[in-house]
2 protein chains.
Amino acid sequence: MKTRILSGLIMLPFLFILYFGKNVLSIACLIITLCAVYEFFNAFKKIEVRGSLPVVATSTTILYVGLILLNNWIGDNPMNLFLIATLTIFWLFISIIMSLLYLFKINDRKLEDAMVTITALVYIVFFIFHFALTDSLAVIINIPIVWLIVIASFATDIFAYFVGMTLGKHRLCPNISPKKSIEGSIGGIVGSVVCCGLFGIFFMKTMLIHCLVIGILGGVVSQLGDLTASIFKRKIGIKDYGNLIPGHGGILDRFDSVIFVSPVVFYYMFIITMF
Amino acid sequence: MKTRILSGLIMLPFLFILYFGKNVLSIACLIITLCAVYEFFNAFKKIEVRGSLPVVATSTTILYVGLILLNNWIGDNPMNLFLIATLTIFWLFISIIMSLLYLFKINDRKLEDAMVTITALVYIVFFIFHFALTDSLAVIINIPIVWLIVIASFATDIFAYFVGMTLGKHRLCPNISPKKSIEGSIGGIVGSVVCCGLFGIFFMKTMLIHCLVIGILGGVVSQLGDLTASIFKRKIGIKDYGNLIPGHGGILDRFDSVIFVSPVVFYYMFIITMF
């Protein structure tokens, strides 16, 4: 418990990354993604499935180099986001082809090896990419929305944990994660709404209502991300993806909510500000 | 052999679809995609992996409805393609979330069930979608480029088959597809270049050089698509994905090349005409 809270402080450097944003944030996303995919593939090795780290590392690096170039080249023009979307589908095509060609060494590979590579590309790389995309959108609309991803994710985690610990009685989904309670889940959503609301009051006054909506959406989706990671771990037969951060598991254990919340915040803000 | 050629004629209705293009072509792509995914999941059932057809059918329908709406709304404006790309990444996010939530019925599902659903979404749905995207690009630049996909794919198939039959001596990749020869493979590429070149002379005179490049790229990629499908079938332990077309197997056996060639033609023509 003490370890858990102390280790939580390790996340503080991320506040600087959020503060600087732009290239710093893109590079941080690239590094976090590569660590997360490494942990993901490492876990799958336990069930004899071997994703291709070289394929994912190459393709992810190409994606972020493209993003950084576009951001520095046209940065604050709304067209930037449409160009990045186009870059993204081109990247996805190249990445999927690479994952499939990986099967051509047919005697050494299983279909699952390509399928887990593809899953990592979309579930981890593509989803986390929305964190960087949200920052690109933030530059265009000049509102610090990228913070909302972190606030919604971590507020949900923390409130769900403490409310569940003190009030938890009814189990949420015993088959997936036996310790989670309905009370904790509701506490997580309320915590997310309150924290996003407070952020709105201080930094995004004209968009307070949208901060509250993101609070609700983030509170729900954050828990879905957590449960999805739990399903993977439970099916593989491990407790944590890693032990980089004592008491918090690996990168992927820590960012399982952020992975799901990032696209939700991005598309919500993209739709309300661009159309 | 006779069946094979006669059954080839069944492909003739597709010429009308290409001729009409636009909504007709989009709807045809949607139907072909759904049949292909059905065959793909059906094959995987043989190794006890069950993809979710409802998830893919719902998400694919949403994708094409979005495409048809955008095409009819802004059709011949270049911005259309950037909007479609943005729609596509949003669609991908929603589809992946749906595939992952499919795991929440944790006792009835395996990780492979979600992974094969995700693989079908990108390898089949997303790749074939480029056929319809190429048609949207064709409307903007007013050049019938969508024909190049079909010409490159089928010319490669047919020339590789007949050249291989008559001159084939050296085996191409015995582990994946024992009957294919290096001579056939080269014959396929030459056939693709010749046919795309002829099409260029008659219908795209100012872009003849690009038709020839697409002939080469298409000739290579078409065979990679064919071999990828062979790997899936070989690993699963089936000969064909289906027997909808006698002598040609199922939809997925017939379109395995088109799946790979469509994105190549789209991105090639998109890059040279839009930038």
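Conventions and cut-offs
Residues numbered from 1 in each chain as written. Chains lettered and ligands numbered in written order. Predicted model: local features only at pLDDT ≥ 70, side-chain atom pairs only at ≥ 80, totals over all residues. Heavy atoms only, no water. Helix = DSSP H or I, 4+ residues; strand = E, 2+ residues; numbered from the N terminus. Rg over C-alpha atoms; globule rule 2.2 N^0.38 Å. Buried < 20%, exposed > 50% of the residue type's maximum accessible area, 1.4 Å probe, protein only. Axes fitted to C-alpha atoms, helices over the stretch in contact; angles between N-to-C directions. Left-handed = near helix turned anticlockwise from the far one by under 90°. Contact = heavy atoms within 4.5 Å. Nonpolar A, V, L, I, M, F, W, Y, C, P; charged D, E, K, R; others polar. Least-squares fit on C-alpha atoms with pLDDT ≥ 70 in both. Buried area = accessible area lost by both parts, 1.4 Å probe. Salt bridge = Lys/Arg side-chain N within 4 Å of Asp/Glu carboxyl O. Polar contact = N/O pair within 3.5 Å; in protein donor to acceptor, adjacent residues only side chain to side chain. 1 Å grid on protein atoms, 1.4 Å probe; cavity = no way out; pocket = protein on both sides within 12 Å on 5 of 7 lines; lining within 4 Å. Points joined across faces, edges and corners; volume = space filled by probe spheres on them. Parallel < 35°, antiparallel > 145°, perpendicular 65-115°, else oblique. Phe/Tyr/Trp six-rings, centres within 6.5 Å; stacked < 30°, edge-to-face > 60°. pLDDT = per-residue confidence, 0-100. Expected span 1.5 Å × (residues − 1). Bend = angle between axes of the 7 residues up to and from the residue.

### Description of the overall build of chain A
Counting its secondary structure elements, chain A contains 10 helices and 0 strands. Relative to a compact globule of 275 residues, whose C-alpha radius of gyration would be 19 Å, chain A shows 19 Å and is just as compact. Seen through its C-alpha atoms, chain A measures out along the principal axes to roughly 55 × 45 × 30 Å. For chain A, the proportion of its 275 residues judged to be buried stands at 58%.

### Quick look at the packing of helix H3 (residues 22-45) of chain A against helix H10 (residues 251-274) of chain A
All names here are of chain A. Remark: H3 packs on H10, axes separated minimally by 9 Å, with the N-to-C direction vectors making an angle of 115 degrees. Note that H3 runs across H10; the crossing there is left-handed. The residues of H10 that touch H3, namely those facing Ile32, Cys35, Ala36, Glu39 and Phe40, are Ile251, Leu252 and Phe255. A per-class count over the contact of H3 with H10 returns 7 nonpolar, no polar and 1 charged.

### A look at unusual backbone geometry
For Lys22(A), which is not glycine, the phi dihedral falls at a positive 45 degrees. Tracing the sequence through the fold places Lys22(A) in helix H3. The backbone phi angle of Asn142(B) is positive, close to 55 degrees, even though this residue is not glycine. Inspection of the secondary structure puts Asn142(B) in the loop between helix H6 (111-141) and helix H7 (146-167).

### Overview of the side chain of Thr117(B)
Residue and element names in this part refer to chain B. Inspection of the secondary structure puts Thr117 in helix H6. The buried category is assigned to Thr117, whose relative accessible area is 0%. The residues contacting Thr117, other than those within four sequence positions of it, are Phe41, Gly51, Ser52, Val55, Val56 and Ser99.

### What about the relation of the copies chain A and chain B?
With an RMSD of 0.0 Å, chain A superimposes on chain B once it is rotated by 180 degrees and translated 0.0 Å along the axis. As the rotation angle and translation indicate, the two copies are arranged about a two-fold axis. A share of 100% of interface residues in chain A that are also interface residues in chain B marks the association as one of identical surfaces.

### A word on the interface of chain A and chain B
Counting residues at the interface gives 48 residues for chain A and 48 residues for chain B. A combined buried area of about 4,700 Å² lies between chain A and chain B, and 88% of that area is made up of carbon and sulfur atoms. In this assembly, chain A and chain B are joined by 0 salt bridges. Here chain A is connected to chain B by 6 residue pairs in polar contact (both at pLDDT 80 or more). Secondary structure elements with two or more residues in the side of chain A that touches chain B: helix H5 (79-101), helix H6 (111-141), helix H9 (208-236) and H10 of chain A.

### So, empty space enclosed by the protein
Residues and elements named next belong to chain B. For the structure shown, the criterion picks out 1 cavity of 30 Å³ or more. Roughly 170 Å³ of internal volume is contained in the largest cavity. If you go around the largest cavity, you meet 13 residues; those closest to its centre are Phe14, Leu18, Ile32, Phe131 and Phe255. Ranked by residue count, the leading element in the lining of the largest cavity is helix H3 (residues 22-45), at 4 residues. Residues that form the lining of the largest cavity fall into these classes: 13 nonpolar, no polar and no charged.

### Comments concerning the pattern of salt bridges
Residues and elements named next belong to chain A. Under the counting rule described, the total for this entry stands at 12 salt bridges over all chains. With its nearest N and O atoms 4.0 Å apart, the salt bridge here joins Glu48 to Arg50. Assessed through its relative accessible area of 41%, Arg50 is described here as partly exposed.

### Regarding the packing of H5(A) against H6(A)
Residue and element names in this part refer to chain A. It is at 11 Å that the axes of H5 and H6 come closest, and there the two elements cross at 165 degrees. With respect to their mutual orientation, H5 and H6 come out roughly antiparallel. Where H5 crosses over H6, the handedness of that crossing is right-handed. Contacts between H5 and H6 involve Asn80, Leu81, Ile84, Thr88, Trp91, Leu92, Ser95, Ile96, Ser99 and Leu100 from the former and Ala114, Thr117, Ile118, Leu121, Val122, Val125, Phe126, Phe129, Leu133, Ser136, Leu137 and Ile140 from the latter.

### A look at the packing of aromatic side chains
Residue and element names in this part refer to chain B. Tallied over the entire structure, the rule returns 47 aromatic pairs over all chains. Between the aromatic rings of Phe40 and Phe41, the centroid separation amounts to 6.3 Å while the plane-to-plane angle is 40 degrees, which identifies the pairing as tilted. Take Phe40 and Phe41: they sit in the same class, and that class is buried. Between Tyr123 and Phe260 the ring centres are 6.3 Å apart and the planes differ by 85 degrees, which places this aromatic pair in the edge-to-face class. Separated by 137 residues along the polypeptide, Tyr123 in helix H6 and Phe260 in helix H10 (residues 251-274) bring together distant segments of the chain. Comparing Tyr123 with Phe260, the two get one shared label, buried.

### Remarks on the confidence of the model for chain A
Taken as a whole, chain A shows an average pLDDT of 94; of its residues, 96% reach a score of 70 or greater. Two summary scores accompany this predicted model of the complex, namely pTM at 0.95 and ipTM at 0.95.

### Describing the environment of Tyr64(B)
Residue and element names in this part refer to chain B. Assignment of secondary structure puts Tyr64 in helix H4 (residues 53-74). Considering only alpha carbons, one finds Tyr64 and Ile97, 33 residues apart in sequence, at a separation of 18 Å. Aside from chain neighbours lying at most four places away, what touches Tyr64 is Ser26, Cys29, Leu30, Thr33, Ile128, Phe129 and Ala132.

### A closer look at H6(A)
Residues and elements named next belong to chain A. Helix length check: H6 (31 residues) gives 44 Å between terminal C-alpha atoms against 45 Å at 1.5 Å per residue, within 8%. The principal kink in H6, of about 25 degrees, is found at Leu121. With 30 of 31 residues buried, H6 is to be regarded as a mostly interior element. Positive phi shows up at Asn142, right after H6, with a value of about 60 degrees.

### Observations concerning the environment of Leu224(A)
Positionally, Leu224(A) belongs in helix H9. In this structure Leu224(A) comes out as partly exposed when scored by relative accessible area, which is 24%. Spatially, the C-alpha atom of Leu224(A) lies 29 Å from that of Lys205(A), the residues being 19 residues apart in sequence. Leu224(A) has contacts with Phe260(A), Leu101(B) and Phe104(B), leaving out every residue within four places of it along the chain.

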